[in-house]
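Single-letter residue listing:
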Amino acid sequence: ESINTVLGHIVSDKKNLKKLESIRAKSMRGELALEHSLQQRIRFFNGMTLTQLQHICQTIPWTKGAKETMQRLIQRGYVTLCLSGGFRTVTRRTITELGMDAYCCNTLEHQYGKLTGKINGQLMQHQSKGNLLKKIQDTLNIKPQNTLVVADGANDLSMFEFASTRIAFCAQDTLKEQATHIIK
């Protein structure tokens, strides 16, 4: 969602805004490969300055209940990681303001202070987040019984395989069907 929120600030014509929303919605439902969705949406960033991006990212509102959910998890002693298919500018703000422990995300390419409209990273495939979560579990000897995943879209589904507690947070139906808990 954060990508579309940022793009909503720079794309002013209704035709392109509808196109962006359609791409995002198809990806969230699992109808469009995450990598293709990201690449199509990130093209709209071409030429934007890093300063503009940073300013816009600071104004993105939190999804209702996000801060409270993270606060409760942290109060209960959970180590919190953000595995985001989005990009570093937003993810860094997320972990800082929500008090999360670590993150992994994609990065937007830039040259001479301007975005190129391209994205890089290890979280661009539908299985990427699940694969990374499994590597973290193996490295730290964490069992699925001790893993809780909070997710909102089809690109997060691969993580559910490795967690006994699966929370669909303001999520698409695809995720709700696989969740052990649902937060609306």
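Here, every reference points to the structure presented above.
Here's what I pulled together on the structure shown here. The model shown is predicted, which means the values in this text are computed figures rather than measured ones.

### Topic: the pairing of strand β5 (residues 165-169)
Turning to step 1, where the next piece is worked out: As paired elements, strand β4 (residues 148-151) and β5 share four bridges and run parallel to each other. Its bridge partner lying in β5, valine 149 is registered against arginine 166.
Turning to step 2, where the next piece is worked out: Bridge analysis of β5 against strand β6 (residues 181-183) gives three bridges, and the strand direction is parallel. Paired with isoleucine 167 across the two strands is histidine 181, which belongs to β6.

### Some points on the sheet that holds strand β3 (residues 114-120)
Turning to step 1, where the next piece is worked out: Strand order in the open sheet made by the three strands is β1-β2-β3, with mixed pairing throughout. On the outer flanks of this sheet lie β1 (81-87) and β3, each paired with one strand and no other. Neighbour-to-neighbour, the strand axes of the sheet open up by a mean angle of 35 degrees, direction not taken into account.
Turning to step 2, where the next piece is worked out: Strand direction decides the pairing type here: strand β2 (residues 102-111) and β3, joined by four bridges, are antiparallel. Paired with leucine 108 across the bridge in β3 is isoleucine 119.
Turning to step 3, where the next piece is worked out: This element, helix α6 (residues 88-98), spans β1 and β2 of the sheet and lies at about 150 degrees to β2.

### Topic: the environment of tyrosine 103
Turning to step 1, where the next piece is worked out: Tracing the backbone shows tyrosine 103 in strand β2.
Turning to step 2, where the next piece is worked out: Each C-alpha atom of the pair tyrosine 103 and phenylalanine 87 lies 11 Å from the other, and the pair is 16 residues apart in sequence.
Turning to step 3, where the next piece is worked out: Beyond its immediate stretch of four places on either side in the chain, tyrosine 103 contacts Cys82, Arg88, Thr91, Arg92 and Ile95.

### As for helix α2 (residues 14-28)
Turning to step 1, where the next piece is worked out: Over its 15 residues, α2 extends 21 Å from the first C-alpha to the last, a length consistent with the 21 Å expected when each residue adds 1.5 Å.
Turning to step 2, where the next piece is worked out: Burial in α2 covers these residues: Leu20, Ile23, Arg24, Ala25, Ser27 and Met28.

### With respect to the nonpolar core
Turning to step 1, where the next piece is worked out: Formed by 16 residues in total, the largest nonpolar core has its most connected members in Val6, Phe45, Met48, Leu53, Phe87 and Leu108.
Turning to step 2, where the next piece is worked out: Elements supplying a minimum of two residues to this core: α3 (34-42), α4 (50-58) and β3.
Turning to step 3, where the next piece is worked out: Ignoring sequence-local partners within four residues, the contact set of valine 6 consists of Phe45, Met48, Leu53, Ile56, Cys57, Ile60 and Phe87.
Turning to step 4, where the next piece is worked out: In terms of nonpolar packing, the next biggest core, distinct from the first, is built from 15 residues, Leu83, Leu133, Ala151 and Ala163 among them.

### A few points about the packing of aromatic side chains
Each aromatic ring pair is characterised by the separation of its centres together with the angle its planes make.
Turning to step 1, where the next piece is worked out: Throughout the structure, instances matching the rule amount to one aromatic pair.
Turning to step 2, where the next piece is worked out: Judged by centre distance (5.7 Å) and plane angle (75 degrees), the rings of phenylalanine 45 and phenylalanine 87 are edge-to-face. Placement of the pair is phenylalanine 45 in the loop between α3 and α4 and phenylalanine 87 in strand β1, with a sequence separation of 42 residues. The pair phenylalanine 45 / phenylalanine 87 is uniform in exposure class, with both members buried.

### Focus: the environment of glutamine 125
Turning to step 1, where the next piece is worked out: Tracing the backbone shows glutamine 125 in the loop between β3 and α7 (128-140).
Turning to step 2, where the next piece is worked out: On the accessibility criterion, glutamine 125 (42% relative accessible area) is partly exposed.
Turning to step 3, where the next piece is worked out: Put simply, glutamine 125 and alanine 33 are 92 residues apart on the chain and 7.2 Å apart in space, counted from C-alpha to C-alpha.
Turning to step 4, where the next piece is worked out: Apart from the residues lying within four places of it in its own chain, the contact partners of glutamine 125 are Leu34 and Glu35.
Turning to step 5, where the next piece is worked out: Side chain to side chain, glutamine 125 and glutamate 35 meet in a polar contact 2.5 Å long.

What counts and what doesn't
Residues numbered from 1 in each chain as written. Predicted model: local features only at pLDDT ≥ 70, side-chain atom pairs only at ≥ 80, totals over all residues. Heavy atoms only, no water. Pairing = 2+ DSSP bridges. Helix = DSSP H or I, 4+ residues; strand = E, 2+ residues; numbered from the N terminus. Axes fitted to C-alpha atoms, helices over the stretch in contact; angles between N-to-C directions. Contact = heavy atoms within 4.5 Å. Expected span 1.5 Å × (residues − 1). Buried < 20%, exposed > 50% of the residue type's maximum accessible area, 1.4 Å probe, protein only. Core = buried A, V, L, I, M, F, W, Y, C linked by side-chain atoms within 4.5 Å. Phe/Tyr/Trp six-rings, centres within 6.5 Å; stacked < 30°, edge-to-face > 60°. Polar contact = N/O pair within 3.5 Å; in protein donor to acceptor, adjacent residues only side chain to side chain.

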